[in-house]
Amino acid sequence: MIRKIKSSLRVKVFFLTAVLLVGVSFVVYGTLAEFMPRTYSNELNAALDSRVQSFIAEVSALSMEDSAPLFDSFLRSGRIDRLELLDEEGWQVALPTEYETLEETAVMEMEAVEEAVYDSASRADEAPILSNSYPIVFQDDDTEYTLLVYGAAGQIAPLRQSFIRILPLLAGIVIIVSLAASWAFSLLITKPVLAISRVSRQMAGLDLDWSLGKPRTDELGVLQTSLHDLSHKLITTLDDLKTANKQLALDIEHEKALEQAQLDFFSAASHELKTPITIIKGQLEGMLLGIGVYKDREKYLARSLEVANTLERMAREILTISRLEGSESLLQMTAVDCIPLISAYLRETDDLIAQKNLQFDVRLPDSAVVTGNRALMEKVFSNLIGNAVKYAPEGASVQITAQPTDSHYIFTIANTGSSIPEEALPRLFDPFYRVDSSRNRKTGGSGLGLYLVQKVLQRHNSQCYVGNIENGVEFWFTL
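Residues numbered from 1 in each chain as written. Predicted model: local features only at pLDDT ≥ 70, side-chain atom pairs only at ≥ 80, totals over all residues. Heavy atoms only, no water.

A. Seen up close, the nonpolar core. Ranked by internal contacts, the top residues of the largest apolar core, which has 51 residues, are Val 380, Phe 381, Leu 384, Ile 385, Phe 411, Phe 475 and Phe 477. When neighbours within four sequence positions are excluded, Phe 411 is seen to be in contact with Cys 338, Ala 368, Phe 381, Thr 401, Ala 402, Phe 475, Trp 476, Phe 477 and Leu 479. In terms of nonpolar packing, the next biggest core, distinct from the first, is built from 19 residues, Phe 71, Leu 85, Leu 95 and Phe 138 among them. (Core = buried A, V, L, I, M, F, W, Y, C linked by side-chain atoms within 4.5 Å. Buried < 20%, exposed > 50% of the residue type's maximum accessible area, 1.4 Å probe, protein only. Contact = heavy atoms within 4.5 Å.)

Written out as structure tokens, the structure reads:
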């Protein structure tokens, strides 16, 4: 029971309210029982004093014999138990009245004493006496008498007894009403508090979808509104955290993919670098030892130089790719006119174009200014145009176009005479991937050209696409 009271706010409020109501009720009852008879006695005394003062004023204007009717009338008026008249020496004198004689008064007093002996002790409480003394002088007599007035105050004792008689009934009513009022009060006060407590437990369990109905207008309503706002903010924050966690997971996966791609790239690069190094090493050893065909040093020195040049180009491309993937400082964007870049590379490959008797269809505007990095854009055009020239058979045609739109340029490089198998197109931009390794040996390609093109364009917020056209291959991108 004690544990229940300690653990329940509603029970605590109920018992505390009940004790306070019962206590206050009995304090009020005790105060009334104590002071109401006294107050009533004082009021009777004051009323008696006022009547006596008026009576003395009237009697003083008459002689003792003539005042008899006034004494009779005063005694019959009620609320007067008896009168006593004392002379200056304190001796009692007869009242000038025919209502009751002194002897009768004495007899009545004796009877009252006898009744008091044989009656219960509560007899005196049932007929209390209010007494006062007043000086009085009659008109025909210089003697100053003292008038003792005994007023009847029998209502005070019943009033006190009535308080005692109704105490058990009043106590029962007070307890029942106090318990009922306390229970109703505890429900009224603790219901919203318990509801808010339930909501707080839900929130502690991250159950933020709740409602308490219409908000109150008092302080509990302010608390309810604050919890509601806090709940919505927590929901928003948790959603943001979930989104951030998902994005973080994606970023981690992306970083892992990049890391794996870098590992794969450098693993493939190591493998690709070993081939030209092995070739150069074998040729140099053969020439130094003078073995077989390697005695013709001029021929194999020239071949070694070609392999070294291929190795140098591959090293430069690997270094460029490494910088692209590891640093932002390389991309210093400026306004770049792509037309001079294309024209300069075409002039550099005039000999190879003439040797293969290629037909060029160049459709370029006077200028095509884009935002980019000049050195990297040179690599894009040199790789794509160089591939078209290298892999186009003799007598084929190469088409280069730059088509302006409202917001960008569309660049296209295409060559006829050869196509790429459809299954090889998705892997064409992978590092060191070659559709035909024997063709790579003939042309001197490193397998990194298209991979480098794609990386550069991605850093320029673009992407290179490839597809087979009628009797040829086409590459295109936007800047």
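B. View of unusual backbone geometry. For Asn 461, which is not glycine, the phi torsion reads 60° and is therefore positive. Considering the arrangement of structural elements, one finds Asn 461 in the loop between α14 (449-459) and β10 (465-469). Residue classification places Asn 461 among the exposed positions, given a relative accessible area of 77%. With a phi close to 60°, Asn 471 is a non-glycine residue in the positive phi region. If you trace the backbone, Asn 471 turns up in the loop between β10 and β11 (472-478). (Helix = DSSP H or I, 4+ residues; strand = E, 2+ residues; numbered from the N terminus.)

C. Quick look at the pattern of salt bridges. Using the criterion set out here, one finds four salt bridges in the structure. Its salt-bridge partner being Arg 374, residue Glu 378 comes within 4.0 Å of it at the nearest N-O pair. Highlighted residues: Glu 378 and Arg 374, both in helix α12 (residues 374-391), separated by four residues, approximately one helical turn. The exposure class of Glu 378 is partly exposed, given its relative accessible area of 38%. With a relative accessible area of 42%, Arg 374 lands in the partly exposed category. The closest approach of N and O atoms between Arg 427 and Asp 430, which form a salt bridge, is 3.5 Å. Looking at Arg 427, the relative accessible area reads 44%, which means it is partly exposed. Judged by its relative accessible area of 31%, Asp 430 falls in the partly exposed class. (Salt bridge = Lys/Arg side-chain N within 4 Å of Asp/Glu carboxyl O.)

D. Representation of the packing of helix α2 (residues 9-59) against helix α3 (residues 68-76) in the model. The contact between α2 and α3 brings their axes to 10 Å, and the two run at 165°. In terms of orientation, α2 and α3 fall into the roughly antiparallel class. Handedness of the crossing formed by α2 with α3: right-handed. Between α2 and α3, the contacting residues are Arg 51, Val 52, Phe 55, Glu 58 and Val 59 on the first element and Leu 70, Phe 71 and Phe 74 on the second. In the contact of α2 with α3, the residues fall into six nonpolar, no polar and two charged. (Axes fitted to C-alpha atoms, helices over the stretch in contact; angles between N-to-C directions. Parallel < 35°, antiparallel > 145°, perpendicular 65-115°, else oblique. Left-handed = near helix turned anticlockwise from the far one by under 90°. Nonpolar A, V, L, I, M, F, W, Y, C, P; charged D, E, K, R; others polar.)

E. Fine view of the sheet that holds β10. The strand order across the open sheet built from five strands is β6-β8-β9-β11-β10, with neighbouring strands paired in mixed fashion. Sheet topology places β6 (359-363) and β10 at the edges, where each strand pairs with a single neighbour. Ignoring strand direction, the axes of neighbouring strands in this sheet form an average angle of 15°. (Pairing = 2+ DSSP bridges.)

F. Here's a closer look at the pairing of strand β9 (residues 409-416). Burial within β9 is extensive, with six of its eight residues counted as buried. Pairing of strand β8 (residues 397-404) with β9 involves seven bridges; the strand directions are antiparallel. From the neighbouring strand, Pro 404 faces β9, where its bridge partner is Tyr 409. As consecutive antiparallel partners, β8 and β9 are separated by four residues. As paired strands, β9 and β11 are joined by seven bridges and run antiparallel to one another. Across the sheet, residue Asn 415 finds its bridge partner in β11, namely Val 473.

G. Focus on helix α7 (residues 167-204). Counted at 1.5 Å a residue, the expected span for α7 with its 38 residues is 56 Å, and the 52 Å between its end C-alpha atoms agrees. The largest bend along α7 reaches roughly 40° and is located at Thr 190, with the proline Pro 192 sitting one to four residues downstream. All buried positions along α7 are accounted for by Ala 171, Val 174, Ser 178, Ser 182, Ser 186, Thr 190, Pro 192, Ala 195, Ile 196, Val 199, Gln 202 and Met 203. (Expected span 1.5 Å × (residues − 1). Bend = angle between axes of the 7 residues up to and from the residue.)

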